[in-house]
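# Structural characterization, general
Single-letter residue listing:
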Amino acid sequence: MVNTPRTGTPAGAAQPNTEPGAVTTWNGFARFAAAPAPTPPRPGEPPRSLEQRLAYHSAFVTVRTPAIDTLSASVRTLMILGRHQSVTARPSVILTGPATTGKTTALLQVGKVCHLAHTRRAAPGDDTVPVAYVLVPPAATAKSLAAEFARYLGVPVAARMTTAQITGAVCHTYTAAGVQLVLLDEIHRLNPRTTSGAEAADWLKDVTERVGATFVYAGIDVTGTALFSGVRGAQLAGRASLIDCGVLPARHAGSEPFRDLIAAMENALDLRAHRPGSLPRLAPYLHERTAGRIGSLARLIRQAAIEALLNGTEKITCTSLDTIKADHLAEEHYRPRTPTRRRAATGPPPGSGPRPA
């Protein structure tokens, strides 16, 4: 029997001040990890209502990507590698790449798997916390970063407290709660070239040595930031392995990873008139629309599916995709300049031959 994640107070922590739906508090992350994953329609199941299908496409499935697989394997290995390391910081991982390429999704998916694996093994009454998910605040200082770590486990922080006092409380509580994996997102917000940013980077280094957990960082194009420069950057680079969560190429080593991703998303659709196989045939067009960014592709397909439900067509076509406004980053990349370029992406113009539906 699988135990459900507890929503009480972990050992050593105060009652968290939770925010509905947030994963940056322990209660919120536990709810996220325990929530059933959206499931595609199965043969023989009764048809879902319109409202159910709208909700399903809003949440949608998490498609396994190369970044998720690589990160999962790396984290599993590094957690074992650092299990009995107590003198210096354990080895860590940095997930880097452009915006909307699935970094946060990969981070949360790995955290969810770790959380659920722990809950399956936990004895009754076990209130340890296996995973912490923390966002680096904008223009992070040592004190603001320490406060974010404290907020996750509900550690009380008063305005008059010094950074050292907050740090002591954080390290004590994280150790008492048994945190094994710390996921630190938006790491590119740290800027060691400023005085406050350097202090925040030093604070983070100190915490990694005092909390016996494996740290996984995610950020936009981390290698191009100041995080990897100077003495502090050398320390980080010497402890962390790098996983590139880049855009998916149309073709790679004889395979077509972007087309495979489209096919996986199409297989998860719950549209009654959609023609199977029609979306993978639009892979060149979709790659140009999204620049190979996973987040942009997922949003475009989900929006098109919801629109197909609302207008009653129950299918996604090239024509319907043309009417959808993608995220601004994707739209700025796309912007077809000539009919020729558009035909190259989508196929021949009307009347010149068959076009994918």
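Please refer to the structure placed before this passage.
Before going into details, it helps to say that this report is about the structure given with it. Quantities reported herein were computed from a predicted structural model and do not represent experimental measurements.

Sheet architecture is open: five strands sit in the order β2-β3-β4-β1-β5, paired in parallel fashion. The sheet is open, and its two edges are formed by β2 (131-135) and β5 (240-244), each paired on a single side. Sheet twist, expressed as the average angle between the axes of neighbouring strands with direction ignored, equals 20°. Relative to β5, strand β1 (residues 92-97) runs parallel, the two being bridged by five bridges. Counterpart to L95 in the pairing with β5 is I243.

Here the distance between the centres and the angle between the planes together describe a pair of aromatic rings. In this structure the tally under the stated criterion is five aromatic pairs. Ring centres of F29 and F32 lie 5.5 Å apart, and the angle between their planes is 65°; this geometry places the pair in the edge-to-face category. Of the two residues, F29 and F32 are both situated in helix α1 (residues 26-34); the distance of three residues between them amounts to about one turn of the helix. Residue classification places F32 among the partly exposed positions, given a relative accessible area of 27%. Geometrically, the ring pair formed by F149 and W203 is edge-to-face, given 5.2 Å between the ring centres and 65° between the ring planes. One end of the pair, F149, is in helix α5 (residues 142-152); the other, W203, is in helix α7 (residues 195-210), with 54 residues separating them in the sequence. A relative accessible area of 6% means that W203 is categorised as buried. The rings of F149, Y174 and W203 are connected pair by pair, giving a single aromatic cluster. Here the basic side chain of R48 rests over the ring of Y56, its NZ or CZ set 4.9 Å away from the ring centre. Taking NZ or CZ as reference, K112 lies 5.6 Å from the ring centre of F32, over its face.

Reading guide: rules and limits
Residues numbered from 1 in each chain as written. Predicted model: local features only at pLDDT ≥ 70, side-chain atom pairs only at ≥ 80, totals over all residues. Heavy atoms only, no water. Pairing = 2+ DSSP bridges. Helix = DSSP H or I, 4+ residues; strand = E, 2+ residues; numbered from the N terminus. Axes fitted to C-alpha atoms, helices over the stretch in contact; angles between N-to-C directions. Phe/Tyr/Trp six-rings, centres within 6.5 Å; stacked < 30°, edge-to-face > 60°. Buried < 20%, exposed > 50% of the residue type's maximum accessible area, 1.4 Å probe, protein only. Lys NZ or Arg CZ within 6 Å of the ring centre and 35° of its normal.

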